[in-house]
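Spelled out, the chains give:
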Amino acid sequence: MNQPKILVIGACGQVGTELVENLAERFGSDNVIASDIRDEASFQVKYLKLDVMDRAAVKKAVVDNKITEVYHLAALLSATAEKNPEFGWKLNMDGLFSVLDLAKDGLLKKVFWPSSIAVFGPTTPRNNTPQYTVIEPTTVYGISKFAGERWCQYYHDRYGVDVRSIRYPGLIGWKSLPGGGTTDYAVEIFHEALEHGKYTSFLSADTALPMMYMSDAIKATIEIMQAPSEKIKIRSSYNISAMSFNPDQIAKEIKKHIPNFEIDYNPDFRQDIANNWPASINDDEARLHWNWSSDFNLERLVKEMMDNLKSTIIVPQ
Ligand SMILES: NC(=O)c1ccc[n+]([C@@H]2O[C@H](COP(=O)([O-])OP(=O)(O)OC[C@H]3O[C@@H](n4cnc5c(N)ncnc54)[C@H](O)[C@@H]3O)[C@@H](O)[C@H]2O)c1
């Protein structure tokens, strides 16, 4: 079978760091290229400095390396984009068109681009949010992701582009730090718990959000890209779900590992963003169409994070 030749754009971020590793294991290091706007990076695979908004450079990278699939991850995330809405919109939209147009011109066979639960807003049903529902995002990030979803569907319907997408919930992993999202607290809390025994949460105790362990997110990403084309019936973006918890619940789970751990609360502007997002997600369509299922619940996630971070963080005695 012909192996895909993969380019990951925005590879140095929270998702890219783990995705590149997994893709290389699965398809071979020679078949994966990592790229990012940063000057340098340490990957086991070839690395290119690439600005996704530089269309000519992206095209050259694709042609020169005979790329067949792009995983396009570069974006300004929810909290960061609120600080610079104009640039958030520009990067998130121009970057997507840069990749979709290469696929439209026949230079790529498949494209992966993640959307987010940020597409949902205050008028969306908050619990067990369905795939098809009211979508009125209030952040520039959510607006850009929703517009992106519609463009993905359009490029598929109009130009036959094989683009696949999932709406990631808040992602939690130990191999990399988050890049400016509203769910970052759920990663920071582990580092602070291990290093200082306490954490001040920027979301209130009862703010429940949909969350996922990174290995489940990577599994979903690779599985949706590997599924036969006819199984992908939604070309905008699929809901996927694993668990839902609030800061109080994750703190209690961490206390099982660090009994003296203390949490307090000092909500900031990110509280307003979180207040407009769903608490939990219904992912029936993804389960039905391409057989999606998650492996990690809160208990397993916390154990995995603690076990792995303990060996990477130098814990003060
Ligand atoms: N992490 C989450 O919880 C989460 C949740 C929902 C959706 N997503 C989506 O998943 C994708 C990846 O998210 P992440 O958490 O890894 O983000 P991140 O911020 O950690 O990483 C993004 C990467 O893109 C790079 N980048 C920025 N501008 C670029 C440019 N012009 N050209 C090339 N690279 C550029 C950055 O240097 C960074 O390494 C994004 O589309 C994000 O919206 C993430």
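Note that the coordinates shown come from a computational prediction; the quantities given were computed from them, not determined experimentally.

What counts, and at which threshold
- Residues numbered from 1 in each chain as written.
- Predicted model: local features only at pLDDT ≥ 70, side-chain atom pairs only at ≥ 80, totals over all residues.
- Near = placed C-beta within 6 Å.
- Helix = DSSP H or I, 4+ residues; strand = E, 2+ residues; numbered from the N terminus.
- Nonpolar A, V, L, I, M, F, W, Y, C, P; charged D, E, K, R; others polar.
- Domains from an automatic or database assignment.
- Expected span 1.5 Å × (residues − 1).
- Buried ≥ 20, exposed ≤ 12 C-beta atoms within 10 Å, placed from the backbone.
- Contact = placed C-beta atoms within 7 Å.
- Core = buried A, V, L, I, M, F, W, Y, C linked by C-beta atoms within 7 Å.
- Pairing = 2+ DSSP bridges.

**Q** So what about the site of the ligand? Which residues, and what values?
**A** Near the ligand, the surroundings consist of 29 residues, among which Gly-10, Gly-13, Ala-74, Tyr-168 and Gly-179 are the closest. Listing elements by their share of the shell around the ligand, those giving two or more residues are α1 (14-27) and β9 (170-172). At three residues, α1 tops the list of elements feeding residues into the shell around the ligand. Residue classes in the shell around the ligand are distributed as 16 nonpolar, 10 polar and three charged. Two domains each put at least three residues into the shell around the ligand: domain 1 (6-169 + 213-239) and domain 2 (171-211 + 243-281 + 295-312).

**Q** Would you mind going over helix α7 (residues 214-226) in detail, with residue names and values included?
**A** Spacing of three or four residues puts side chains on the same side of an α-helix, whose turn is 3.6 residues. Along its 13 residues, α7 runs 18 Å from first to last C-alpha, staying within 8% of the 18 Å computed at 1.5 Å per residue. Buried within α7 are the following residues: Met-214, Asp-216, Ala-217, Ile-218, Ala-220, Thr-221 and Ile-224.

**Q** Help me get a handle on the domain arrangement of the protein chain, residues and values and all.
**A** Each domain of the protein chain was delimited in the assignment, giving domain 1 (6-169 + 213-239) and domain 2 (171-211 + 243-281 + 295-312). Computed from C-alpha atoms alone, the centre-to-centre distance between domain 1 and domain 2 is 25 Å. Residue-level contacts link 29 residues of domain 1 with 26 residues of domain 2. When residues of the side of domain 1 that touches domain 2 are traced back to their parent elements, those giving at least two are α1, α3 (78-83) and α7. Split by residue class, the side of domain 1 that touches domain 2 holds 12 nonpolar, 13 polar and four charged.

**Q** Residues and numbers for the nonpolar core, please.
**A** The biggest cluster of nonpolar side chains holds 98 residues, and the ones touching the most others in it are Leu-7, Val-8, Ile-9, Val-20, Val-111 and Ile-172. A per-element tally of this core places helix α6 (residues 185-196) first, with seven residues. Both domains that furnish three or more residues to this core are identified here as domain 1 (6-169 + 213-239) and domain 2 (171-211 + 243-281 + 295-312). Aside from chain neighbours lying at most four places away, what touches Ile-9 is Ser-35, Leu-50, Val-52, Val-70, His-72, Leu-73 and Ala-74.

**Q** Break down the sheet that holds strand β12 (residues 238-239) for me, citing the residues and quoting the values.
**A** The strand order β6-β8-β12 describes an open sheet built from three strands, whose pairing is parallel. Strands at the two margins of the open sheet, each flanked by one partner only, are β6 (115-116) and β12. As judged from the two bridges shared by strand β8 (residues 166-168) and β12, these two strands associate in the parallel manner. The residue bridging Ile-166 from the neighbouring strand is Tyr-238, located in β12.

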